[in-house]
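Understanding the architecture of this molecule
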Amino acid sequence: MKSFGILSFLAASVASAYAATGTLTFAGVNIAGFDFGMDTSGDDTASSAYPPLTQYYGADGAGQMTHFVNDDGYNIFRLPVAWQYLTNNEATGTLNQTNFAEYDALVQACLETGASCIIDIHNYARFNGEIIGQGGPTNEVFADLWSSIATYYADESKIVFGVMNEPHDLPSITTWAGTVQAAVTAIRNAGATSQYILLPGDNYTSAETFVSGGSAAALATVTNPDGSITGLIMDVHKYLDSDNSGTNAECVTNNIDDAWEPLATWLRANNRQALNTETGGGDVTSCNTYMCEQIAYQAQNSDVILGYVGWAAGNFATTYVLSETPTDTDGTWTDTSLVAACMAPSINGYVA
Ligand SMILES: *[C@@H]1O[C@H](CO)[C@@H](O)[C@H](O)[C@H]1NC(C)=O
Ligand SMILES: *[C@@H]1O[C@H](CO)[C@@H](O)[C@H](O)[C@H]1NC(C)=O
């Protein structure tokens with residue numbers, strides 16, 4: 001039995017570079033607002049952004065994040081922003097300093113909580129209807145945008161670079177992988193050499209079709225300038241409603257058989273890891289059941305699934321169907337029922 005154990009250990013070592021500890025690296029919440037106005041065609045104007053900060057007449061995103069960390073044990077936030085906002089509607093990589101300063105205020109509020117902070121360019125692989133590197137802005141322009149951002153945050157170890165939110169209907173996933181490569185190279189060459197970078201696939205970064213749709217194979221070719229894959233994490237989304245749209249309150253699946261199991265198998269076989277940067281459901285009992293099951297499965301596979309980030313708080317009203325926006329009553333924050341039931345790490349116990 002002893003030698004069998006050693007063989008099993010060796011087999012496991014070959015199969016995966018990581019160990020499943022049952023403890024997730026990350027649990028977080030999207031703090032939305034700077035992306036407001038963006039649609040899935042990448043159409044947007046800078047003026048439609050709604051900063052989730054009280055000094056810019058939005059919700060108290062800073063207070064929300066402080067609550068989520070101190071009361072709930074969360075340790076990562078995703079901060080969606082429109083490319084058009086960062087450059088004040090120009091399809092360039094040059095940041096508009098006025099607009100960027102407002103976005104940076106949210107990033108700094110996140111960093112001040114001690115959490116990790118994902119910069120999420122929320123453009124669906126597009127700029128005003130045209131696909132980056134496939135008819136729209138060139139890879140060079142997109143790389144320039146990331147170079148500008150990464151230069152600014154190069155010394156911040158807790159910044160995570162989310163290359164792009166939810167690419168979809170891409171004519172070529174291999175061409176898209178080249179666009180992602182251009183962004184990765186730009187980020188690393190800007191001096192951000194150690195931070196995580198999130199690599200997004202097609203079909204709205206669907207966890208379910210990440211392998212079957214060809215995104216896994218295409219993105220597996222993306223490397224750091226030194227040829228390594230250190231810190232390059234697959235970015236996947238999955239909702240629990242009937243059409244995976246995240247627009248319905250009711251949950252109908254825990255996604256294990258269709259999405260997380262095949263994804264975890266591929267990640268393990270290829271020595272890769274993924275982060276689930278959008279998931280969520282309504283404040284209904286079906287979501288309490290299925291979301292708790294999904295998160296438990298992710299924790300069982302913590303060697304390859306780093307964690308989850310719920311959609312969404314920030315400037316969403318508490319009446320929004322997937323709202324995770326907590327209510328502040330004289331400094332006492334109350335979470336939505338799904339957060340309180342199983343998404344908060346202090347409740348589920350899956351984050352150290
Ligand atoms: C930056 O954006 C603001 C709008 O927020 C605009 O008024 C200003 O002209 C822009 N600056 C430059 C240099 O384009
Ligand atoms: C996209 O993913 C969904 C499930 O997440 C699936 O139902 C659909 O068929 C996929 N579409 C494509 C084009 O792969």
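Rules behind the numbers
- Every chain is numbered independently, its residues counted from 1 as its sequence is written.
- Key to labels: chains lettered from A, ligands numbered from 1, both in the order written.
- Totals for whole chains, interfaces and linings use every residue, but because this is a predicted model, local features are given only for residues with pLDDT of at least 70 and side-chain atom pairs only at 80 or more, for both listing and counting.
- To obtain the side-chain values, all non-hydrogen atoms of the structure were used and water was disregarded.
- One heavy atom within 4 Å of a molecule or strand makes the whole residue count as near it.
- Each polar contact in these results corresponds to two N or O atoms within 3.5 Å; when the atoms are within protein, one needs to be able to donate a hydrogen and the other to accept it, and residues that are neighboring in sequence are counted only if both atoms are side-chain atoms.
- Here the open area of atoms and residues is found with the Shrake-Rupley method and a 1.4 Å probe, where only the protein chains shown may cover a residue.
- Ten residues, namely Ala, Val, Leu, Ile, Met, Phe, Trp, Tyr, Cys and Pro, are considered nonpolar, four, namely Asp, Glu, Lys and Arg, are considered charged, and the remaining ones, Gly among them, are considered polar.
- Elements are defined by DSSP. Helices are runs of H or I of four residues or more, strands are runs of E of two residues or more, and each kind is numbered from the N terminus.
- Fitting a line to C-alpha atoms yields each axis, with helices limited to the stretch in contact; the angle taken between N-to-C directions then spans 0 to 180 degrees.
- Each angle is binned into one of four classes, with values under 35 degrees roughly parallel, values over 145 roughly antiparallel, values of 65 to 115 roughly perpendicular, and all other values oblique.
- Crossing chirality is assigned from the near helix's rotation relative to the far helix, an anticlockwise turn below a right angle marking it left-handed and a clockwise turn marking it right-handed.
- Contacts are assigned to residue pairs that have any heavy atoms within 4.5 Å of one another.
- In what follows, a disulfide is any cysteine sulfur pair within 2.5 Å.
- Think of it in three bands: residues with accessible area under 20% of the maximum for their type are buried, residues over 50% are exposed, and the middle band is partly exposed, with areas taken using a 1.4 Å probe on protein chains only.

With that settled, the discussion passes to the site of ligand 2. Around ligand 2, the structure places Asn203, Ser206, Glu208, Thr209 and Asn244. The contact in question runs from an oxygen atom of ligand 2 to an N or O atom on the side chain of Asn203, over 2.4 Å. The separation between an oxygen atom of ligand 2 and a polar side-chain atom of Asn244 is 2.9 Å. Coverage of ligand 2 by the protein chains reaches 45% of its 360 Å² of free accessible surface. Here the shell around ligand 2 is composed, by residue class, of no nonpolar, four polar and one charged.

For the peptide bond that leads from Trp311 to Ala312, omega is 0 degrees, which places it in the cis range. The residue Ala312 is located in strand β10 (residues 305–314) in this model. A positive phi angle, close to 55 degrees, is found at Asn271, a residue other than glycine. One can find Asn271 in the loop between α9 (256–269) and β9 (274–279).

Attention now goes to the packing of α9 against helix α10 (residues 285–300). Packed helices, taken two at a time, are described by their axes: the angle between them and the distance between them. Following both chains from N to C, one finds α9 and α10 inclined at 15 degrees, their axes separated by 11 Å at the closest point. Classed by the angle they form, the pair α9 and α10 counts as roughly parallel. When you trace α9 past α10, the crossing you get is right-handed. Contact residues: Ile256, Trp260 and Glu261 in α9; Glu293, Gln294, Tyr297 and Gln298 in α10. Of the residues in the contact of α9 with α10, the class split is three nonpolar, two polar and two charged.

According to the stated counting rule, one finds two disulfides in the structure shown. Linked covalently through their sulfurs, Cys110 and Cys117 form a disulfide whose S-S length is 2.1 Å. Between Cys110 and Cys117 the disulfide shows an S-S torsion of about -100 degrees. By sign, it is left-handed. There is no split in this pair, since Cys110 and Cys117 are both buried. Cysteine pairing for the chain, with bonded cysteines counted in sequence order: 1-2, 3-4.

With respect to the secondary-structure elements, Ser206 resides in the loop between α7 (202–205) and α8 (215–219). Of the polar contacts made by the side chain of Ser206, one reaches the backbone nitrogen of Thr209; its length is 3.2 Å. Leaving out residues up to four positions away in the same chain, Ser206 has contacts with His237 and Asn244.

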